[in-house]
Amino acid sequence: MTDFMMDVKRGAMGIAIDQILKYVDKDREKNLLNMVDVTQKIAGNMFLPESYDGARELIRENGKWMQYVNRLLDELHPNVLKMTALNLGYQSAYLGTKTIRESREKYQCNVPWLILMDPTSACNLHCTGCWAAEYGHKLNLSFEDLDRIVTQGKELGIYFYMYTGGEPLVRKADLIRLCEKHRECYFVAFTNATLVDDEFCKDLVRVGNFSLTLSIEGFEEANDGRRGKGAFQKTLAAMDLLRSYGLLFGTSICYTRNNVEVVTSDDFLDLLVEHGCRYSWYFHYMPVGNEASTELLPTVEQRKYMYHRVREIRAKEGGKPIFVMDFQNDGEYVGGCIAGGRNYMHINANGDVEPCVFIHYSGANIKEKSLIECLQQPLFMAYREGQPFNDNHLRPCPMLENPELLEAMVSWSGAHSTDLQSPQTSEDLCHKCRPYADAWKPVAEELWENEPHSEESYKNYMDPEKKVIPKEVFRKADGYAEK
């Protein structure tokens, strides 16, 4: 598709979204059903027919999740609504997905749907146990670096970009510039929220294609114990400010042995909803770094609790009016591990291109190579051949649940540790994860066998003739099918 035709189609979609938003209050059910019809005409068989039927049923029933949608329509700024639908929906989920599939075939490597990158390793806080701090505080991706990544990414079909750090909002002026230059992309920053102010909120409303995910660890005592005195109240104040401007935001929560029950409690979720939070992303604690403690890993019973609790929170009936995701226990919905460029990758502030934000090994640097060359590095090719690392998607990760596989891939690929302060061998990291993997395995197998789960699963359809990694790299592990 030519750039001209892309612009024409994007313009037509923008007009359609404007019309729907303009008339949605006159007959909300009718116009939302029209939006589903328009989406089906454009996206066609990209999504299963039952997905469209499910959306129509949700609208007609006017239950918990329709009320959630109504609040979004009532409370978010119109430009935020439009740009989110246009960029995250049409440009990234529809047009981007089509282009990405073509790029994967063309270049014979993984091409991600989103790129996570660190504009800086600098941070205005000093949180206990923060893995990002291990990179040091003087590293940066320049504006030119970030711009080049996005420009090359768009050529491959990638229109969704996330920032972590460090504290990305230390560079908020540059991040707004990127939003202005790349109007068809959508951006999200993981932030400690302390640098959110009125001027920045005005910029977020103006560009419309940039939202925030605020980090929080629990109630005041637990949160401030890790992030410093006053951090909790500053986070709530930032939520209230973002809400007052009609901005979309959520939270990022790392759950550990010490906080798992609290951060999923009714009281805590009620607090988030009260302050305008629309979603929460739960991240399982990872023992990354030489000084990381395995004692913070959730127990087997706690992880089993998380599996059930997250599904309870977001159930069609009951639960809470906030969308929650648990990346370690929701593998069934994405076909297991999505790292290594399969659906996402990470670029640290030094430019090292890593498979995952928690996998600090790399064989390519974005300051020295093009994006496609970085995606074709040996470690990423090993990920491509090995995925899914386990047919039980409650054991998706090649580090936490299948550590022998990460150790083998790093060894075969020659990737190096990207921790510039205290390099960690893959053998040491994987050795730390082995007891957890062994303890979780029987529980995961029982859940996978007895609990309902999505029948759709990621399948590795690589042509055997095109594989370059010796089979012995992937040592036979129970539950892992050699490709």
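Everything that follows concerns the structure shown earlier in this document.
Residues numbered from 1 in each chain as written. Predicted model: local features only at pLDDT ≥ 70, side-chain atom pairs only at ≥ 80, totals over all residues. Heavy atoms only, no water.

Another point: the packing of aromatic side chains. Counted according to the given criterion, the structure contains 17 aromatic pairs. An angle of 70 degrees between the planes, with centres 6.2 Å apart, marks the rings of F190 and F283 as edge-to-face. Highlighted residues: F190 in strand 3 (residues 186–191) and F283 in strand 6 (residues 279–284), separated in sequence by 93 residues. Looking at F190, the relative accessible area reads 10%, which means it is buried. Look at F283 and you get buried, because its relative accessible area is 17%. Taking 6.1 Å as the distance between ring centres and 85 degrees as the angle between the ring planes, the aromatic pair formed by F200 and F210 counts as edge-to-face. Here F200 is found in helix 8 (residues 198–207), whereas its partner F210 is found in strand 4 (residues 210–215), with 10 residues between them in sequence. Here F200 falls in the buried class, since its relative accessible area comes to 3%. (Phe/Tyr/Trp six-rings, centres within 6.5 Å; stacked < 30°, edge-to-face > 60°. Helix = DSSP H or I, 4+ residues; strand = E, 2+ residues; numbered from the N terminus. Buried < 20%, exposed > 50% of the residue type's maximum accessible area, 1.4 Å probe, protein only.)

This next bit is on helix 7 (residues 172–181). Among the residues of helix 7, D174, L175, I176, L178 and C179 are the ones counted as buried. In this fold, the buried residues of helix 7 make contact with helix 6 (143–156), strand 2 (160–163), strand 3, helix 8 and strand 4. (Contact = heavy atoms within 4.5 Å.)

The strand order across the open sheet built from 9 strands is 7-6-5-4-3-2-1-8-9, with neighbouring strands paired in mixed fashion. This sheet does not close on itself; its edge strands, each paired only once, are strand 7 (323–326) and strand 9 (353–354). Here strand 1 (residues 114–117) pairs with strand 8 (residues 344–347) via 4 bridges, running parallel. Within strand 8, the residue paired with L114 across the bridge is Y344. (Pairing = 2+ DSSP bridges.)

Looking now at unusual backbone geometry. A cis amide bond links G165 to the next residue, G166, at an omega of 10 degrees. Within the element layout of this structure, G166 appears in the loop between strand 2 and helix 7. That bond from Q387 to P388 is cis: its omega, -5 degrees, falls within 30 degrees of zero. In this fold, P388 is placed in the loop between helix 14 (378–386) and helix 15 (403–413). Located in the positive-phi region is N62, a residue other than glycine, with phi close to 55 degrees. Mapped onto the secondary structure, N62 falls in the loop between helix 3 (49–61) and helix 4 (64–75). On the basis of relative accessibility, which here comes to 44%, the residue N62 falls in the partly exposed class. Of note, A193 is a non-glycine position whose phi angle comes to about 75 degrees, a positive value. With respect to the secondary-structure elements, A193 resides in the loop between strand 3 and helix 8.

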